[in-house]
Each structure stands twice: as C-alpha cells, then as structure tokens.
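These are the residues of each chain, in order.
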Amino acid sequence: MRHRRTLKAVVWTFLLTVAATLLVVNLGGSEKKLDEQIRREYPLHDAQYQRVLGVMLGPPIAGGNRFEALYNGDRIFPPMLEAIRGAKESITFETYIYWSGDIGRAFADALSERARAGVPVHVLLDWVGSAKVDDDFIKEMESAGVQIRRFHKPSWYDIGRMNNRTHRKLLVVDGRVGFTGGVGIAPEWTGHAQDAKHWRDSHYKVEGPVVAQMQAVFMDNWIKVSGDVLHGERYFPRLAPVGDGRAQVFSSSPSGGSESMHLMYLLSIAAATKTIDLSSAYFVPDDLTVGALVAAMRRGVRLRIITPGPIIDSKTVRAASRASWGPLLEAGAEISEYQPTMFHCKVFMVDGLLVSVGSTNFDNRSFRLNDEANLNIYDEAFAAAETVQFEADLAQSRRITFEDWKNRPLHEKAMEHLASVLSVQL
C-alpha cells in the first residue's frame, strides 16, 4: 500500500513538473529581447528615419493615400457597415473582440447579406478575445457562406498559442478601402462616449495604395489559420493614387518580427526632436521604453500622455501602469487620466509628422506577445488635426503631477507594486 502511494506521489510530481515546464517555456519564450537603448542618429523629419522604417522593419512607405479619422462608435460603425454593404469583390475582416448586442447583429447581417450575394467574405476572430461572441451570429454568418476562422484555439500541450492572440483590427473591402484602429464589435464601442458604458475610441478609414499592405497583413494570419492563399485581383487590385498622404501598414507577431513594433516605437522616440503625444488605453512601459522617453525629455522633447482614469476595464493594468510613472513624471512628462469613460485610444504622434494608429497598446503584451498592426501616417496636416483631437481629450482628463504620484496612499502603492510583477504578461 505504501509502495502504491509512493508511486502515485512520484507520478504526480512528474506530471506537475512537466506542466510547470510547459508553462514556463510557452509563456517565457527563448529569443533574445531588446536590452540596449537606441542611439539617436537622425531626427524624425530626416529621410533616413523613414528609410530605416521602410527597409529594416516594414514595408516601404507608399504615397497617394487618403485618410479619415473617425471618433467614437456613432461615427465609426456607419462607414464600416456602409463599405461592407457596398462590397462587390471581397471582404476580409480580422478583429480581437466580436461579442454581441445590436452592433454585433448589424455586422452579422451585413456580412451575411454580402456572402449570400456571392461576395467572398472572410472573417478571422481571436479565440480568446471573441470567446463571448453570440453563437447565433456565428451560425447565421456560416449558413450564409461567410468563412469564419478562429485564431489560436488553446490546447494543453501548447499554452503559448493562447498567449499569442491576434489583437489586430483590420477590415478591407474590395481590396480598395481599409479600416483600422481600436474598436471591437461590442456595445461598449457604440454611442459617442456619452457615459461610462460607452467608450472613447478612434478608428481610421484609408484609401489608396497602402490598403494593399493592410490586406497583406490580414493574409498573413488567414494563411496561418486556414492554409488558404487568397491572392487574386479581387483581393489585390491595382490601386491608383487617391490623395497625397504617405503611409505604411506596420505589423508584428511572435512568430515573425516579434520585436518589430517595440523597435518602431523606440526608433521614433529616439528620432523625436520637439514633441511626443501618446494616447494609450494600456500604458505599461518597460524599463527600456521608460529610459528612451526620459532621454527624449532630457534633450528637450515635450512628452504628453493620456491614459484611462478610474473607469477602466482592467484595474490591474491601471495599477501596473501607475507603478512605472515615477521616472517619467520626475523628468517632466505630462501624464493625464481621462475621466468621462474608458479611454481605449491607441495613437502615437511625433514631431507633428508621424501619426501611428491601430491595435498596438504601449505594453509588453502588444510589443512581444500579440499579433498587432499599425497604420503609420507621415502627413503634417493629418498630424495637426489629430493633435486638435488629442487636446480635446486632454481637456477632459486629470493631470497627475509628480507630487500627486509620490503622495498617493500606501495601499495604492502596494497594489501597484504587486501589479507591476505581472507587467510582462500585461
């Protein structure tokens, strides 16, 4: 009997050891991470900056584009649905969150109608982010002919697949018009940020040659989950210039170029000369990024950051964020918390030229764990308009001074310290 108990204990110990090893291997990763500050060798307006981003890190910067900023659900969803309903050749749609409500129904109906009309419709949903999707929507779309795939359904032997999520938010219609930004398909994104139940967010419509880059990013994950290569003219038509805007669609993934998004931000911070404005739903910078921002301020760059206030969907993220603010505030950063509702924007602006928008948060999860995609726009007029919106959001935010931060209650400091331990997964 004693021998049987001993054998059972050995077996359980072995199984727990294997499980712990799998967890560490899958969540930790084995590749080298960026651990050195990026040297400043050129300003952001220098052609070398754009050359590096277009050659070393991503696709070339394409001219001839037109952009439109869309603020909050009442102005975001109607153009997206209008584009879907007018589709004649193809629809590709990748999103992290697709839940329920009237807006979920509207998208399901619009996508289904186009599929029944013979338009190829491809929808890629993250398994974790869209776990709460209404099953009726899925059944309706699939019965209409919509091709739906889930990204990285977890399995016991490959936990890292669940930890690697597609956080990308991409809609491309007929290969000619694209949308990206921060919104998911859920009731929280409807309305006009009028109360705590309706979030503040931004999304962007783009037309022109850069839409082909957005389509290519979608195809990257579609091939991973389906094995199907979509490459005909209905997906990649010839795109003539429609405006004067220059842009690139920049993506990253742990399966290829996992540090690219992080490096793009670090290179941009190092190239900054005058200003950095950051709207970030989840602002949990690592030590390397904090060091880069402090170095920028020391050479005279003004840094302004808007992040969520008390109304936030993750108190742990807010606590981990606040734990990192000390060096930034002491160096002169202007950090403000948005007050009216959850602030879900993801906009990074440098020197009145670069506007980077899309799915990427300013945290380790976006930089190293998720699949992300950003639209990098190089356009002074567009940057000026986005700065106006940034300052409108700033007017509804509460600034946190270094003294405020130092004098916060002891229990808050303790909670923030505990939360910061989890920052590698946030």
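Computed from a prediction, not measured in an experiment: that's the story for all the values here.

**Q** Run through the pairing of strand β4 (residues 147-151), naming residues and quoting values.
**A** Where strand β3 (residues 121-126) and β4 come together, 5 bridges link them in parallel fashion. The partner of L124 across the bridge, within β4, is R149. In this region the chain leaves β3, passes through helix α5 (residues 135-144) and returns to the parallel neighbour β4; the handedness of that crossover is right-handed.

**Q** Tell me about helix α13 (residues 380-394), residues and numbers included.
**A** When the terminal C-alpha atoms of α13 are compared, their 20 Å separation across 15 residues agrees well with the 21 Å that a helix rising 1.5 Å per residue should span. Every buried residue of α13 is accounted for by F382, A383, E386, Q389, F390 and D393. Along the axis of α13, the buried residues cluster in a sector spanning 120 degrees; they form a single face. In α13, those exposed residues whose orientation departs by more than 90 degrees from the buried face are A381 and V388. Put simply, D379 is the residue that caps the front of α13, since its side-chain oxygen is 3.1 Å from the backbone nitrogen of A381.

**Q** Now, about the packing of aromatic side chains: what can you tell me, with residues and values included?
**A** Under the defined criterion, the tally for this structure stands at 16 aromatic pairs. An aromatic cluster of three or more residues is present, and its members are Y265, F283, F348, F362 and F367. Sitting over the face of the ring of W99, K132 holds its NZ or CZ atom 3.9 Å from the ring centroid. One residue, R408, lies across the ring of W405, its end atom 4.1 Å from the ring centre.

**Q** Give a detailed account of the side chain of N376, specifying residues and quantitative values.
**A** Along the polypeptide, N376 turns up in strand β16 (residues 372-378). Residue classification places N376 among the buried residues on the basis of a relative accessible area of 0%. A distance of 2.6 Å separates the side chain of N376 from the side chain of S356, its partner in a polar contact. In this structure, N376 is in contact with L53, R246, A247, Q248, F250, M264, L354, V355 and S356, ignoring residues within four places of it in sequence.

**Q** Any details on the pairing of β16? Residues and values, ideally.
**A** Among the 7 residues of β16, 7 are classified as buried, and the element is accordingly described as predominantly covered. Burial along β16 is two-sided: the residues E372, N374, N376 and Y378 and A373, L375 and I377 are all buried. In this sheet, β16 lies alongside strand β8 (residues 245-252) in antiparallel orientation, the contact comprising 7 bridges. Of the residues in β16, the one forming a bridge with F250 is N374. In the sheet, strand β14 (residues 354-358) pairs with β16 via 5 bridges, with the strands oriented antiparallel. For V355, the partnering residue across the bridge sits in β16 and is I377.

**Q** Give me the lowdown on the UniProt feature "domain: PLD phosphodiesterase" (unreviewed entry) in the protein chain, citing residues and values where you can.
**A** Taking the numbering used here, the UniProt-annotated feature "domain: PLD phosphodiesterase" (unreviewed entry) corresponds to residues 162-189 and 339-366. Secondary structure across residues 339-366 comprises 11% helix and 43% strand; the distance between its end C-alpha atoms is 24 Å.

Cut-offs and rules
- Residues numbered from 1 in each chain as written.
- Predicted model: local features only at pLDDT ≥ 70, side-chain atom pairs only at ≥ 80, totals over all residues.
- Heavy atoms only, no water.
- Pairing = 2+ DSSP bridges.
- Helix = DSSP H or I, 4+ residues; strand = E, 2+ residues; numbered from the N terminus.
- Right-handed = clockwise from strand over helix to strand, strands pointing away.
- Expected span 1.5 Å × (residues − 1).
- Buried < 20%, exposed > 50% of the residue type's maximum accessible area, 1.4 Å probe, protein only.
- Arc of directions from axis to C-beta.
- Polar contact = N/O pair within 3.5 Å; in protein donor to acceptor, adjacent residues only side chain to side chain.
- Phe/Tyr/Trp six-rings, centres within 6.5 Å; stacked < 30°, edge-to-face > 60°.
- Lys NZ or Arg CZ within 6 Å of the ring centre and 35° of its normal.
- Contact = heavy atoms within 4.5 Å.
- UniProt positions renumbered as here; feature names shortened; annotations may be inferred.

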